Amino acid sequence: MSGPVRLIVLGATGRMGRAVLTAAVAAPEVAVVGAVSRSAEGEPVPGSPRRFTTAAEAFAALDRAVAVDFTRAEAVAAHAAAAAAAGVPLVEGTTGLDAEADAALRRAAGRIPVVLAPNLSPGIAVLRRMLALAARAGLGGEATLLERHHRHKKDAPSGTARLLARSLGRDGEAEPAIVSLRQGEIVGEHTVWLGGEDEELVLTHRALDRGLFARGALRAAVWAAGAGPGLHTMDDVLGLREGPQT
Ligand SMILES: NC(=O)c1ccc[n+]([C@@H]2O[C@H](COP(=O)([O-])OP(=O)(O)OC[C@H]3O[C@@H](n4cnc5c(N)ncnc54)[C@H](OP(=O)(O)O)[C@@H]3O)[C@@H](O)[C@H]2O)c1
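Quantities reported herein were computed from a predicted structural model and do not represent experimental measurements. (Residues numbered from 1 in each chain as written. Predicted model: local features only at pLDDT ≥ 70, side-chain atom pairs only at ≥ 80, totals over all residues. Heavy atoms only, no water.)

### Overview of the sheet that holds strand 10 (residues 200-207)
Heads up, the condition is: We treat two strands as partners when DSSP finds at least two bridges between them. Helix and strand assignments come from DSSP, with helices taken as H or I runs of at least 4 residues and strands as E runs of at least 2, each series counted from the N terminus. The axes are straight lines fitted to the C-alpha atoms, using for helices just the contacting stretch, and the angles between their N-to-C directions are given from 0 to 180°. Should any heavy atoms of two residues lie within 4.5 Å, those residues are considered in contact.
Read across the open sheet, the 4 strands follow the order 8-7-9-10; overall the sheet is mixed. The open sheet has two edge strands with one neighbour each: strand 8 (177-182) and strand 10. Between one strand and the next, the sheet's axes are offset by a mean angle of 10°, whatever the strand orientation. Here strand 7 (residues 144-149) runs beside strand 8; their pairing, made up of 6 bridges, is parallel. Residue pairing in the sheet places Thr 144 in a bridge with Ala 177 of strand 8. Relative to strand 10, helix 5 (residues 122-136) is tilted by about 165°, and along the sheet it contacts strand 9 (188-195) and strand 10.

Shown next as structure tokens:
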């Protein structure tokens, strides 16, 4: 694709959708061409020239676009199927996905690039690498995770906490304990305790502003516009695949 990447924002009136529309204003590499929201039908969405009530309508009306999705788990299977049918690359930022959504994204990835990114921050991608390294050194045995988010967050534990737990590479073993707190307007905080009898390693990631995830989504969308079909992650977007440990 030449020129700015044409963006369709799903969940455009939500907290993350609005953050993406705001971040896009300062990002010449993207141009928002459509916003999808079911509520307040007919009203314009600030930051988008056109609004639609369903993803399928937007995909039919707008060609050569990439979609970013920040909605709810129950909407994801339909969004994935519509994107695949229309040939629209998809950045999936929604968390708390169930088996149906997961299967739909995998099916869609046979036809379009899908970036499956329960956390779009570079810092979390690096933290995952660090955890994999710690697990290799035998520090993952008694891991505990604490995640804190704003009180409106629907899913618990957070998609990021699950992702971090998987990075400890303990397939087939008991999952690390995850403690979830919902407090005030916290954007997102994850702390991992690792250790054994005689040492302790404590790693914390703090998202200070939702714009972090929004900018990550734009970066993923630009990357997806040039990618082939497949199920990709932020490791692919950030070029971390060649790192010391997956
Ligand atoms: N990947 C990341 O880095 C990252 C970072 C932050 C948040 N998230 C995730 O992003 C998602 C959205 O978070 P948020 O804080 O923006 O939530 P939010 O403020 O509740 O916004 C979600 C939006 O989705 C739309 N929606 C709700 N149910 C829908 C359905 N069944 N079909 C289609 N659209 C629906 C709603 O808009 P309308 O009612 O107008 O349609 C709503 O504005 C959550 O899963 C959250 O965990 C991911």
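### Concerning the packing of helix 3 (residues 73-86) against helix 4 (residues 99-108)
Convention followed: What sets the label is the angle itself: under 35 degrees gives roughly parallel, over 145 gives roughly antiparallel, 65 to 115 gives roughly perpendicular, and the rest give oblique. Handedness of a crossing is defined here by the sense of rotation of the near helix relative to the far one, left-handed for an anticlockwise turn of less than a right angle and right-handed for a clockwise turn.
Contact geometry of helix 3 with helix 4 gives a least axis separation of 8 Å together with a crossing angle of 15°. Considered as vectors, helix 3 and helix 4 are oriented roughly parallel to each other. The handedness of the crossing between helix 3 and helix 4 is left-handed. Contacts between helix 3 and helix 4 involve Ala 73, Val 76, Ala 77, Ala 80 and Ala 84 from the former and Glu 100, Ala 101, Ala 104, Leu 105 and Ala 108 from the latter.

### Description of the pairing of strand 6 (residues 113-116)
Threshold: Burial classes follow relative accessibility: with a 1.4 Å probe on protein chains only, a residue under 20% of its type's maximum area counts as buried, one over 50% as exposed, and anything between as partly exposed. If you view a crossover with the strands going away from you and the path from the first strand over the helix to the second runs clockwise, you call it right-handed.
Residues Pro 113 and Val 115 point to one face of strand 6 and Val 114 and Leu 116 to the other, with burial holding for every one of them. Here 3 bridges tie strand 5 (residues 90-92) to strand 6, and the two strands are oriented parallel to one another. Following the sheet pairing, Leu 90 is matched in strand 6 by Val 114. Crossover strand 5 to strand 6 through helix 4 is right-handed.

### With respect to the site of the ligand
Our working definition: What makes a residue near a molecule or strand is one non-hydrogen atom of that residue sitting within 4 Å of it. Pairing of N or O atoms within 3.5 Å defines a polar contact, subject to two protein rules: one partner must be a possible hydrogen donor and the other a possible acceptor, and residues neighboring in sequence count only if both atoms are side-chain atoms. Only the protein chains shown count as cover for residues, and the accessible areas themselves come from Shrake-Rupley with a 1.4 Å probe. All amino acids are sorted into three groups, where Ala, Val, Leu, Ile, Met, Phe, Trp, Tyr, Cys and Pro are nonpolar, Asp, Glu, Lys and Arg are charged, and the leftover types, Gly among them, are polar.
In the vicinity of the ligand there are 23 residues, among which Met 16, Ser 37, Arg 38, Ser 39 and Thr 95 approach most closely. At a separation of 2.9 Å, an oxygen atom of the ligand approaches a polar backbone atom of Arg 15. The backbone of Arg 38 places a nitrogen or oxygen atom 2.8 Å from an oxygen atom of the ligand. In isolation the ligand has 910 Å² of accessible area, and contact with the protein removes 83% of it. Residue assignment for the shell around the ligand shows that the elements contributing at least two residues are helix 1 (15-25) and helix 3. Here the shell around the ligand is composed, by residue class, of 7 nonpolar, 10 polar and 6 charged.

Keep in mind that these numbers describe shape and distance, not what the molecule does.
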